[in-house]
Amino acid sequence: MKNIVCAALVLALLLPAASALAASPTPAVSPAATASATPATRAKEWLHRLQTGSIDRAQLTDAMSALLTDATVASVAAQVGPLGDPLSMKLTESKSASGNTAYIYKVEFANDSTLYFVFVLDADGKISGLRFSHAE
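Residues numbered from 1 in each chain as written. Predicted model: local features only at pLDDT ≥ 70, side-chain atom pairs only at ≥ 80, totals over all residues. Heavy atoms only, no water.

Visitor: Can you break down the side chain of Gln51 residue by residue, with the values?
Guide: Turning to its location among the elements, Gln51 is positioned in helix H2 (residues 39-52). On the accessibility criterion, Gln51 (9% relative accessible area) is buried. If near-sequence neighbours (up to four positions away) are discounted, Gln51 is found in contact with Ala77, Val80, Gly81, Leu83, Gly84 and Phe109. (Helix = DSSP H or I, 4+ residues; strand = E, 2+ residues; numbered from the N terminus. Buried < 20%, exposed > 50% of the residue type's maximum accessible area, 1.4 Å probe, protein only. Contact = heavy atoms within 4.5 Å.)

Visitor: Lay out the nonpolar core with the relevant residues and their values.
Guide: Side chains of a nonpolar character, in soluble globular proteins, are inclined to be buried together. Judged by nonpolar contacts, the single largest core of 24 residues is most densely connected at Trp46, Leu50, Leu68, Phe117, Phe119, Leu130 and Phe132. Mapped onto this core, the elements with two or more residues apiece are H2, helix H4 (70-80), strand E2 (100-109), strand E3 (114-122) and strand E4 (127-134). Setting aside anything within four residues of it in sequence, one finds Trp46 in contact with Ile55, Asp56, Gln59, Leu60, Leu68, Phe117, Phe119, Ile127 and Leu130. (Core = buried A, V, L, I, M, F, W, Y, C linked by side-chain atoms within 4.5 Å.)

Visitor: Could you give me a rundown of the sheet that holds E3, with the residues and numbers involved?
Guide: Read across the sheet, four strands follow the order E1-E2-E3-E4 without closing on themselves; strand pairing throughout is antiparallel. Two strands in the sheet have a free side with no partner beyond their single neighbour: strand E1 (86-97) and E4. Each neighbouring strand pair of the sheet contributes to a mean axis angle of 20°, computed without reference to strand direction. Looking at chain direction, E1 and E2 are connected through ten bridges and run antiparallel. From the neighbouring strand, Ser96 faces E2, where its bridge partner is Thr101. Strands E1, E2, E3 and E4 of the sheet are contacted by H2, whose axis makes an angle of about 120° with E3. (Pairing = 2+ DSSP bridges. Axes fitted to C-alpha atoms, helices over the stretch in contact; angles between N-to-C directions.)

Visitor: Describe the pairing of E2, listing the residues and the values that go with them.
Guide: Of all ten residues that make up E2, eight are buried, and the element is covered over most of its length. Hairpin connection between E1 and E2: a loop of two residues separates the two successive antiparallel strands, and Ser98 in this loop has a positive phi of roughly 50°. Alignment of E2 against E3, held across nine bridges, turns out to be antiparallel. Its bridge partner lying in E3, Tyr103 is registered against Phe119. Two successive antiparallel strands, E2 and E3, enclose a turn made up of four residues, where Asp112 displays a positive phi of approximately 70°.

Visitor: Would you mind going over the packing of aromatic side chains in detail, with residue names and values included?
Guide: Per the stated rule, a full pass over the model turns up two aromatic pairs. Relative to Phe119, the ring of Phe117 lies with its centre 6.2 Å away and its plane at 45°, an arrangement referred to as tilted. Considering the side-chain rings of Phe117 and Phe132, the 5.0 Å spacing of their centres and the 25° angle between planes classify their relative orientation as stacked. Taken together, the residues span a long stretch of sequence, with Phe117 in strand E3 and Phe132 in strand E4 at a distance of 15 residues. Pair check on accessibility: Phe117 and Phe132 agree, each one buried. Joined through ring pairs, the aromatic side chains of Phe117, Phe119 and Phe132 make up one cluster. (Phe/Tyr/Trp six-rings, centres within 6.5 Å; stacked < 30°, edge-to-face > 60°.)

Take a look at the structure:
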């Protein structure tokens, strides 16, 4: 199952300048708790949310929420959910542009699959982009 997530899982443009599938839903997080959480903590939370199909639209920008349709959430969960819990999730790079900061994580799973997970926050701490790509 190495590198099973394809480019079709792009959920949003990375930066302007440069669902009912949940087996065990993740509860919504209060805005105060979200604001104080580190980007790494939030990225781990969102990897799990995407794997289970349990998203919290209150954490998304309006544009991201519109792009992340229920059908897209279901498709992503069907593809990344079976990978299971990650063995490791390491920040490899962060980039800022146009008021957004992208955090790029290398995620390794037990079945020898490795993905990059891009988690983008706007200046207000809202999620403005999510993306999976193959690790080479």
